[in-house]
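Chain by chain, the residues:
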Amino acid sequence: MEAYESESASKVALWQQNYMDSGIHSGIHTNVPSLNGKGDAEDWKQGGYTVTTTTYTTSQLPEMEEQLASTRGQRVRAAMFPETLESGVRVLSTQADPGQETNVQKLSESSQMLKAAIVQLINYQDDAELATRAIPELTKLLNDEDQVIVSKATMIVNQLVKKDASCRALEQSPQMVAAVVRTMQNTNDMETARHAAGILHNFSHHREGMLAIFKSGGIPALVRMLSSPVESILFYAITTLHNLLLHQEGAKMAVRLADGLQRMVPLLKKSNVKFLAITTDCLQLLAYGNQESKLIILANGGPAALVHIMRTYNYEKLLWTTSRVLKVLSVCPSNKPAIVEAGGMQALGIHLNSSSPRLVQNCLWTLRNLSDAATKEEGLEQLLTTMVQLLGSDDINVLTCATGILSNLTCNNSRNKMVVCQVRGIFALVHMMLRAGEKEDIMEPTVCALRHLTSRHPEAEVAQNDVCVNYGIPTVVGLLSQPFHWPLIKATVGLVRNLALLPANHGALRDSEAIPRLVQLLVKAHQDTQRQTPGGGQYMDGVRMDEIVEGCTGALHILARDQTNRILITQLNTIQLFVQLLYSPVENIQREAAGVLCELAQDREAAEEMDQEQATAPLTEMLHSPNEGIATYAAAVLFRISEDKPQDYRKRLSVELTSTLFRNDQEAWNAVDRLMAADGYQPESSIHYNSYGVQDRDMGPDYA
């Protein structure tokens, strides 16, 4: 047999040297068929294929099969449990292609993960059983009178709670938790207190642990630890309290009763940004929806410390948590001025260009809430400029805040009005008004801001003209009717009145049908006032209808300075209504009604109609009014009415006017002229946005 195999091998070698090899034994012509099935040699050259062949003799095949079969168990064991193989043992591999794993190799990773999980489960069970058996003895040691023993026991427990299984077993024992709390509370050794605080900190990571701490009176003990001079104890105490405030029912009240706020506010002077982030979030959790907590923060200097943080640090999470506290405090009437006085408006404005959307949102809401208390604040030029720029945003929240801030900061502040006008604020607000549509949360503050900017500052006339040239008047006039709510209508009436102060705007207002809309609104509001209750004026959406009557009458008064407008107002049968308004119990309405009658009386027909409507009697009564404006207007109208009366009537009226007003006719007319020139004045008012200061739903504990 051996001779036969030797002879065969020599023949193969001879064929390779001298003849074309058939490939039966050497496999030299064996190849993989081409994809197209043609098997062109040129195709293989272009494809760059490499073929590796292994030649076995017939006698080697049984041996190879036996070796593979005998090592199958070793290969599986090597893949799943490599640590069980003896050192130096070589396992035959069946991997033909290095880039492709065998089935056994594919199972290797999953098998290792399963084995690790089983080992961990066994160890976990061992840890839990060990801790459970140790609880009675450890509890006894923690209650020992010897402080050295107590210290050692605390250290052991602190080591045990670092493993999850042991921690869960220990926190299930009320006696153990109570012993730890008692140890932390009574010890004078800082190291023992540190271990005890660390134990409670680990307990607070589980719901069962937090409940055990709460029931064992751990919150007052933790609050006392906030006065510790050791930084690690402070950190353990504040983080444990934070976990309790977030997840344990009743923890907030317990912290308040333990004077937690009084101890937390002074911690704002620390410099560790992560510690401050947790502390400020604790303050937010305690102050949210609790007025007493807000006042305690104020009494302990909280607003100034919080503003200092906003000015000093750039750690985003600290700035975010601090801005949340300021937002909650900004709806408190007592905290508002304190925050503004500490420079809160400027400090918050610094972060409006931050890359953090949540920080920008909180700063904007806080600024909006504070803005009605900052109308006299100086140094807000950059903030005002930023607000005008933000009017180009597409975010509704940003637009709501920006328009509200501009509305309040331009109220009764000539300097702020000029700054906004100089940075093209009128253009931005008019276009904002065009974009707002029926979104009254944006439209109302926008109109209020325009109302403030169009009166009582050196550039008011320019602002009045800018509204017109930017095609704002048709949109403004369109707001003079419902379904818009009365606060927006009231603001619009005031803006129309201011726009009418510029004679060049009268044509645009008339073409937009401002006069008939004002008259229609006046009639409706006057009818509503007639239904008012004995206890006070009629309110609609929080607006007194008397204010709408006064505003509409005042706007018509200014518009009536134009002759074309006077004719139109008279044609709308308004004189009878104005005469009725002379009897109003509201002095300002009497004044405006007398003023518009004074303008209309310049036309002879209108003066005659006033006489027919019995206007003489109330006007004569008004001559004795302590209000100089009312008396002067009444005198002017009576003069107009008396122009076609007999001489005796006019003489008696002259004597009456002389004895009442103590001035001659020319002086009375001069007074009327002065009064009419001053009628552009309209009281401005800021808007309180308290309802927005408590919209804070994100309570997540993210402080990494």
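Going along each chain's sequence as written, the residues are numbered from 1 onward. pLDDT decides what is reported in this predicted model: residues at 70 or higher carry local features, side-chain atom pairs at 80 or more are listed and counted, and totals for whole chains, interfaces and linings draw on all residues regardless. To obtain the side-chain values, all non-hydrogen atoms of the structure were used and water was disregarded.

Secondary structure follows DSSP: runs of H or I at least 4 residues long count as helices, runs of E at least 2 residues long count as strands, and numbering of each begins at the N terminus. Tallying secondary structure elements over the protein chain gives 40 helices and two strands in all. Burial classes follow relative accessibility: with a 1.4 Å probe on protein chains only, a residue under 20% of its type's maximum area counts as buried, one over 50% as exposed, and anything between as partly exposed. Here the protein chain, with 704 residues, has 48% of them falling under the buried criterion. Should any heavy atoms of two residues lie within 4.5 Å, those residues are counted as being in contact. Within the protein chain, contacts between residues separated by at least 24 positions form 72% of all contacts whose residues are at least 6 apart in sequence. Note on areas: Shrake-Rupley, 1.4 Å probe, and residue coverage restricted to the protein chains presented here. In the form shown here, the protein chain has an accessible surface area of approximately 35000 Å², with 52% of it arising from carbon and sulfur atoms.

Turning our eyes to something else, we now look at the side chain of Lys294. Residue position: Lys294 is located in helix α16 (residues 291-299). Under the relative-accessibility criterion, Lys294 is labelled buried at 6%. Contact partners of Lys294, with chain neighbours within four places excluded, come to Ala287, Gly289, Val328, Leu329, Val331, Cys332 and Asn335.

A separate point is the packing of helix α8 (residues 174-186) against helix α9 (residues 190-203). Interhelical geometry of α8 versus α9 gives an angle of 140° and a closest axis separation of 8 Å. Classified by the interaxial angle, the pair formed by α8 and α9 is oblique. For α8 against α9, the interelement crossing comes out left-handed. Within the contact between the two elements, α8 uses Val177, Val180, Val181, Thr183 and Met184 and α9 uses Thr192, Ala193, Ala196, Ala197, Ile199, Leu200 and Phe203. Gly counts as polar in this scheme, as do all residues outside two lists: the nonpolar Ala, Val, Leu, Ile, Met, Phe, Trp, Tyr, Cys and Pro, and the charged Asp, Glu, Lys and Arg. Its residues placed into classes, the contact of α8 with α9 shows 10 nonpolar, two polar and no charged. Lines fitted to the C-alpha atoms define the axes, with helices restricted to the stretch that makes contact. Angles between their N-to-C directions range from 0 to 180 degrees. Our angle categories are set so that under 35 degrees counts as roughly parallel, over 145 as roughly antiparallel, 65 to 115 as roughly perpendicular, and the remainder as oblique. Take the far helix as the reference: if the near one is turned anticlockwise from it by less than a right angle, the crossing is left-handed, and if turned clockwise, right-handed.

The term salt bridge refers to a side-chain nitrogen of Lys or Arg lying within 4 Å of a carboxyl oxygen of Asp or Glu. Enumeration over the complete set of coordinates arrives at 15 salt bridges. Among the salt bridges present, the one from Glu316 reaches Arg358, with a minimum N-O distance of 2.9 Å. In this pair, Glu316 sits in helix α18 (residues 316-329) while Arg358 sits in helix α21 (residues 357-370), placing the two residues 42 residues apart along the sequence. Using a relative accessible area of 24% as the deciding quantity, one classes Glu316 as partly exposed.

Turning our attention to the environment of Gly344. Mapped onto the elements, Gly344 comes out in helix α20 (residues 344-349). Classification of Gly344 as buried rests on a relative accessible area of 2%. Those residues in contact with Gly344 that lie beyond four places of it in its chain are Val307 and Ile339.

The next point concerns the packing of aromatic side chains. The relative placement of two aromatic rings is captured by the distance of their centres and the angle of their planes. Pairing of aromatic rings covers Phe, Tyr and the six-membered ring of Trp, with a centre-to-centre limit of 6.5 Å; geometry is then stacked below 30 degrees between planes, edge-to-face above 60, and tilted otherwise. Inspection of the entire model under this criterion finds zero aromatic pairs. Charge over a ring is defined by NZ of Lys or CZ of Arg lying within 6 Å of the ring centre and within 35 degrees of the ring normal. The cationic tip of Arg358 hangs over the ring face of Trp320; the distance from NZ or CZ to the ring centre is 3.8 Å. Above the plane of the ring of Phe427 lies Arg424, whose end atom (NZ or CZ) is 4.3 Å from the centre.

Turn by turn, an α-helix covers 3.6 residues, leaving residues three or four places apart pointing in a common direction. Take the residue count of a helix, subtract one, and multiply by 1.5 Å to get its expected span. The end-to-end C-alpha separation of α18 is 20 Å, in line with the 20 Å expected for 14 residues at 1.5 Å each. Of all 14 residues in α18, 13 are buried; the element is thus mostly enclosed.

What follows deals with the environment of Ala374. Looking at where Ala374 falls in the secondary structure, it is placed in the loop between α21 and α22 (381-390). Each C-alpha atom, one on Ala374 and one on Pro337, is 7.8 Å from the other, the two residues being 37 residues apart in sequence. In contact with Ala374, not counting residues within four places along its chain, are Val340, Met345, Leu380 and Leu409.

Detail in the predicted coordinates should be disregarded across regions flagged by low pLDDT. Summary of the metric used: pLDDT quantifies the predictor's per-residue confidence within the range 0 to 100. Per-residue confidence for the protein chain gives a mean pLDDT of 83; residues scoring 70 or more make up 72%. Ranking the elements of the protein chain by mean pLDDT puts helix α2 (residues 41-47) last, at 45, and α18 first, at 98. Residue range residues 32-49 is modelled with pLDDT below 50. Its contacts to residues more than four positions away, or to other chains, number eight contacts.

Within the fold, Tyr539 resides in strand β1 (residues 539-540). For Tyr539, a relative accessible area of 49% corresponds to the partly exposed category. Counting along the chain gives 10 residues from Tyr539 to Thr529, while the straight-line C-alpha distance between them is 8.8 Å.

The description of two packed helices rests on the angle between their axes and on the distance between the axes. Where helix α32 (residues 545-559) meets helix α35 (residues 587-600), the axes come as close as 9 Å, and the angle between the chain directions of the two elements is 25°. Compared by their axis directions, α32 and α35 come out roughly parallel. Two packed elements cross with a definite hand, and for α32 against α35 that hand is left-handed. Along its contact with α32, which presents Asp546, Val549, Glu550, Thr553, Gly554, Leu556 and His557, the element α35 presents Asn588, Ile589, Glu592, Ala593, Gly595, Val596 and Glu599. Looking at the contact of α32 with α35 residue by residue, the class counts come to five nonpolar, five polar and four charged.

Those residues of helix α27 (residues 460-469) that fall on the buried side of the exposure criterion are Ala460, Ala463, Gln464 and Val467. Along the axis of α27, the buried residues cluster in a sector spanning 100°; they form a single face. If you follow the buried residues of α27, they end up packed against α24 (414-422), α25 (425-436), α26 (440-453), α28 (473-478) and α29 (486-500). The positive-phi residue at the C-terminal boundary of α27 is Tyr471, with phi of around 60°. The arc in question is the one spanned by the directions pointing from the helix axis to the C-beta atoms.

A word on unusual backbone geometry. One non-glycine residue, Tyr471, adopts positive backbone phi at about 60°. Residue placement: Tyr471 occurs in the loop between α27 and α28. Backbone geometry places Gln614, a non-glycine residue, at a positive phi of 60°. Note on placement: Gln614 falls in the loop between α36 (604-612) and α37 (616-622).

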